[in-house]
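Structural description and commentary
The chain contents come next:
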Amino acid sequence: MATMSAAQRREQARIEYDAFLAACPTNNLLGRLSDKWVGLVVAALSPGPMRYSDIGRKVAGVSPKMLTQTLRTLERDGIVSRAVTPSVPVRVDYELTALGRSLAGLLTAVKTWAETHFDQVQEARERYDAENPA
């Protein structure tokens, strides 16, 4: 096995973390982060901790199964923490971690952009559809 120079190791690391490559782990992470439920859940949690049921009410349209799956994935990725308080019924709170807070600004900005520019996007769609009949 040949020894690699520092420059070669840096180049190898750069190649290994190229999200444009399907085999790159960052490609998988970007796919996960671009999921609409991830963006909405992270944005919902950005003001502070919430209970599961509160998140479900805030994020309209998410099924209990998808919310549970999304929260578990975010917890596994270190973006969300889960705190269980023993009581009757059991209280479960979710909160963004420091890593999650660093992501929240970006995803909240995308959500805000969509809310701000939807009319322009809709106009563009209508123009496109008029010029390109199916």
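Use the structure listed above.
Scope of this entry: the structure provided in the associated data block. A quick note: this is a predicted structure, and the numbers were derived from the prediction, not measured.

**Looking at the sheet that holds strand β3 (residues 91-96)**
What the 3 strands build is an open sheet, ordered β1-β3-β2; its pairing is antiparallel. Among the strands making up the open sheet, the edge pair consists of β1 (50-51) and β2 (80-85). Bridging between β1 and β3 involves 2 bridges; their strand directions are antiparallel. Each bridged residue has a counterpart across the sheet, and for Arg51 the counterpart in β3 is Asp93. Lying on the sheet, helix α3 (residues 36-45) is in contact with β1, β2 and β3; it crosses β3 at an angle near 95°.

**Focus on the side chain of Thr70**
In this structure, Thr70 sits in helix α5 (residues 64-76). Excluding anything up to four places from it in sequence, Thr70 contacts Trp37, Val38 and Val41.

Rules used in this analysis
- Residues numbered from 1 in each chain as written.
- Predicted model: local features only at pLDDT ≥ 70, side-chain atom pairs only at ≥ 80, totals over all residues.
- Heavy atoms only, no water.
- Pairing = 2+ DSSP bridges.
- Helix = DSSP H or I, 4+ residues; strand = E, 2+ residues; numbered from the N terminus.
- Contact = heavy atoms within 4.5 Å.
- Axes fitted to C-alpha atoms, helices over the stretch in contact; angles between N-to-C directions.

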